[in-house]
Amino acid sequence: MNLNQQLKLQAFLDNELSSREAKEVAQWMEQDAEARQLFTELSHTRAALHQNELEVKLPESREFFWSKIERDIRLQSQQPVSTGFSPDAILAWLYRHLVPASAVALVAIFAIFLATKPAPVKTVAMETMSYGEVETLNEEMGSISFRSESERMTVIYLYNRADDSEAGVSNDGLIQ
Amino acid sequence: MSSMMLMPRWLVLCLCFGFVAAAPLAQAAEPKLEVQLVWGTNDPGSPNADHKPLDSVTAKKLRIFKWKNYFTVNREIVSLPHRVPRKLRLSDQCEIELKNLGNQRYEVDIWGEGKHVKKIKEKVTKEDLLTIAGDDKNDCAWFILVKEVE
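Criteria and cut-off values
Residues numbered from 1 in each chain as written. Chains lettered and ligands numbered in written order. Predicted model: local features only at pLDDT ≥ 70, side-chain atom pairs only at ≥ 80, totals over all residues. Heavy atoms only, no water. Helix = DSSP H or I, 4+ residues; strand = E, 2+ residues; numbered from the N terminus. Buried < 20%, exposed > 50% of the residue type's maximum accessible area, 1.4 Å probe, protein only. Contact = heavy atoms within 4.5 Å. Areas by Shrake-Rupley, 256 points an atom, 1.4 Å probe, with all protein chains shown as cover. pLDDT = per-residue confidence, 0-100. Axes fitted to C-alpha atoms, helices over the stretch in contact; angles between N-to-C directions. Parallel < 35°, antiparallel > 145°, perpendicular 65-115°, else oblique. Left-handed = near helix turned anticlockwise from the far one by under 90°. Nonpolar A, V, L, I, M, F, W, Y, C, P; charged D, E, K, R; others polar. Polar contact = N/O pair within 3.5 Å; in protein donor to acceptor, adjacent residues only side chain to side chain. Buried area = accessible area lost by both parts, 1.4 Å probe. Salt bridge = Lys/Arg side-chain N within 4 Å of Asp/Glu carboxyl O.

(A) Local environment of the overall build of chain A. A count of helical and extended segments in chain A gives eight helices and three strands. Element order for chain A, N to C, with α for helix and β for strand: α-α-α-α-α-α-β-β-β-α-α. Considering chain A as a whole, with its 176 residues, one finds that 18% of them fall into the buried category. Counting contacts in chain A only where the partners sit at least 6 residues apart, residues at least 24 apart contribute 28% of the total. By element, 58% of the accessible surface of chain A is carried by carbon and sulfur atoms, the whole surface being about 13900 Å².

(B) Highlighting the confidence of the model for chain A. Residue and element names in this part refer to chain A. Here chain A averages 79 in pLDDT, and 80% of its residues register 70 or above. The secondary-structure element of chain A with the lowest mean pLDDT is helix α6 (residues 124-127), recorded at 36, while helix α2 (residues 19-31) shows the highest, at 92. Long-range and interchain partners of residues 120-130, a stretch whose pLDDT sits below 50, account for 20 contacts in this model, where long-range means more than four residues apart.

(C) A look at unusual backbone geometry. All names here are of chain B. Phi angles above zero are rare outside glycine, and Gln-104 is one such case at about 65 degrees. For Gln-104, the position within the fold is in the loop between β5 (94-102) and β6 (105-112). In this model, Asn-138 sits at a positive phi of 60 degrees, which is unusual for a non-glycine residue. Assignment of secondary structure puts Asn-138 in the loop between β8 (129-136) and β9 (140-149). Overall, Asn-138 belongs to the exposed group, its relative accessible area being 66%.

(D) View of the packing of α2 of chain A against helix α3 (residues 33-52) of chain A. All names here are of chain A. Close contact between α2 and α3 brings their axes to 5 Å; oriented N to C, the two are set at 110 degrees. With respect to α3, the element α2 is oriented roughly perpendicular. Crossing geometry of α2 relative to α3 is assigned as left-handed. On α3, the residues that touch Trp-28, Met-29, Glu-30 and Gln-31 of α2 are Ala-33, Ala-35, Arg-36 and Phe-39. When the residues that make up the contact of α2 with α3 are grouped by side-chain class, the tally is five nonpolar, one polar and two charged.

(E) Geometry of the side chain of Thr-41 of chain B. Residues and elements named next belong to chain B. Counting through the fold element by element, Thr-41 comes out in strand β1 (residues 32-41). One polar contact links the side chain of Thr-41 to the main-chain amide nitrogen of Asp-43, over a distance of 2.9 Å. The contacts of Thr-41, once residues within four sequence positions are left out, are Trp-67, Lys-68, Asn-69, Phe-71 and Cys-140.

(F) Quick peek at the interface of chain B and chain A. Each partner contributes residues to the interface: chain B has 30 residues there, and chain A has 27 residues. Counting each side, the surface lost to burial between chain B and chain A is near 2600 Å², with a carbon and sulfur contribution of 50%. Our count for the contact surface shared by chain B and chain A stands at six salt bridges. The partner of Glu-140 of chain A in a salt bridge is Lys-115 of chain B, with the nearest N and O atoms 3.6 Å apart. For the side of chain B that touches chain A, the secondary structure elements donating two or more residues are α3 (56-61), β6, β7 (115-123), β8 and β9 of chain B. Considering every element that reaches the side of chain B that touches chain A, the biggest residue donor is β7 of chain B, with eight residues.

Below is the structure:
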């Protein structure tokens, strides 16, 4: 028995054949034991499925269930078409675009802040601040170090400590 | 099997190209320093006629000092490979040794009349001048000016 004959038997069982075809199948089954056996099996299977199928009952009537769906559809169709300028839409747009943009901007500002130091304010005190790394190798020689930010110059002024104790050397004495 | 054979051919090529490309860069990174010994005085002229007036830009920087006139006694330009010291005799009394510490930081050792006096470490650029100075007789002063040049 081929697949078409099997399908024909199934269709006969489901009453999907025309009267002429149904008559032909009935005659064929009378002559063919294998066909009768398959038909019996299919009948049993269908009966078992029908008897054991769980019946699902809606907690509400069919009419009420569909009325709810209909009401929802009607409500959705009645909602005004969004113009893109409603407060909710604006808030959503802000949330979607501005929050990430703000985060990126904050990171960028922080990076720029770390990368650039504020320009030093020129003051008299800064002009005479100690600067430079000086290692004294001769105890007779002292040094005064300072930096002039305006001239971008570091000055290491050396002096003889003996002269310093006799005459007195001060930072003020070097500068005009 | 050697490790070279395990490396992909493109990686070997890239490494070779990198070494070749980096060689001139490393050479170009060797900075040059200009070192000047300068005499500062309130007199209108230098006692030595060979001394030339200091260039106006540098003299302007030294206006923070009390002296009115500055004269160049000696001027040297030296190339400084990284960590290789270079010694310079600027005058009979003054000798310095320069060393490139990297990142535009330099070490300057100073000898005065044969005595090792100071060791100074400072950043020096084309714009940031290092000035080492001291008093001299007749209310004059000497200056050693160090800066990077092209």
